[in-house]
Amino acid sequence: MTADPYMPPPTNAAAHIIKANEQFYEAIENADMDLMRAVWAGSEEEKSVTCIHPGQPAVHGLERVLRSWAVVCSRINYLQFFITDVQVRQIGYIAIVTCVENVLSELPGQESPSAGFGGSHYEAINVFKRENVTGVWRLLTHCSAPVFPASDRADTDGRPG
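Cut-offs and rules
Residues numbered from 1 in each chain as written. Predicted model: local features only at pLDDT ≥ 70, side-chain atom pairs only at ≥ 80, totals over all residues. Heavy atoms only, no water. Pairing = 2+ DSSP bridges. Helix = DSSP H or I, 4+ residues; strand = E, 2+ residues; numbered from the N terminus. Phe/Tyr/Trp six-rings, centres within 6.5 Å; stacked < 30°, edge-to-face > 60°. Buried < 20%, exposed > 50% of the residue type's maximum accessible area, 1.4 Å probe, protein only. Disulfide = S-S within 2.5 Å. Expected span 1.5 Å × (residues − 1). Arc of directions from axis to C-beta. Contact = heavy atoms within 4.5 Å.

A. Region of the structure containing the pairing of strand 3 (residues 79-91). Note that strand 3 and strand 4 (residues 94-106) share 11 bridges and pair antiparallel. Residue pairing in the sheet places Val88 in a bridge with Val97 of strand 4. The antiparallel pairing of strand 3 with strand 4 creates a hairpin that spans 2 residues between the two strands, and Gly92 there sits at a positive phi of about 65 degrees.

B. Main features of the packing of aromatic side chains. Tallied over the full model, the rule gives 4 aromatic pairs. For the pair Phe24 and Trp40, a centre-to-centre distance of 6.1 Å together with 85 degrees between the ring planes defines the contact as edge-to-face. Separated by 16 residues along the polypeptide, Phe24 in helix 1 (residues 12-29) and Trp40 in the loop between helix 2 (33-39) and strand 1 (50-52) bring together distant segments of the chain. By relative accessible area, Phe24 is classed as buried at 0%.

C. Highlighting the state of the cysteines. Per the counting criterion, the structure on display carries 0 disulfides. Not part of a disulfide, Cys51 finds its nearest cysteine sulfur in Cys143, a span of 8.2 Å. Judged by relative accessible area, which is 0%, Cys51 ranks as buried.

D. Region of the structure containing helix 3 (residues 62-75). With 14 residues, helix 3 should reach 20 Å at 1.5 Å per residue; the first-to-last C-alpha distance of 20 Å fits that figure. For helix 3, the full list of buried residues reads Leu62, Val65, Leu66, Ser68, Trp69 and Cys73. The buried residues of helix 3 occupy one face: seen down the axis, they fall within an arc of 155 degrees. Opposite the buried face of helix 3, at more than 90 degrees from it, the exposed residues are Arg64, Arg67, Ser74 and Arg75. In the core, the buried residues of helix 3 are packed alongside helix 1, helix 2, strand 1, strand 2 (59-60) and strand 6 (137-146).

Following this line, the structure appears as structure tokens:
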């Protein structure tokens, strides 16, 4: 993630939220299910945990969400995120992070090492909750949606282009 020279440095709280967000993407890139479990909310919020993978219906409940990530990670040989346009909004013990997921991945169905890679862009929203006792920020909700080429985007007034 590159710092914007025109933006002030994040506050201490925002820095912790950004770090939690980075750990989420690190868990995906490394197919690290232990880290994936650690970034999501604990037993108190277990039923509130929600994930929406691009083009898929919502997955509810911590165990189902973790299983969905295990499936995603098992199907991908290579995946790297370049997270940009990170915006953090903190409202008490809740934080909302929006960002762009610039994804580099091995093209599906390619067997040879020279087959190449594909890139894509997604808008994501990640909702975190600060734990009362530890103060650690844990993920409650992740939602990611593809960003289409400029000619397919809506005008700035919100009408389809």
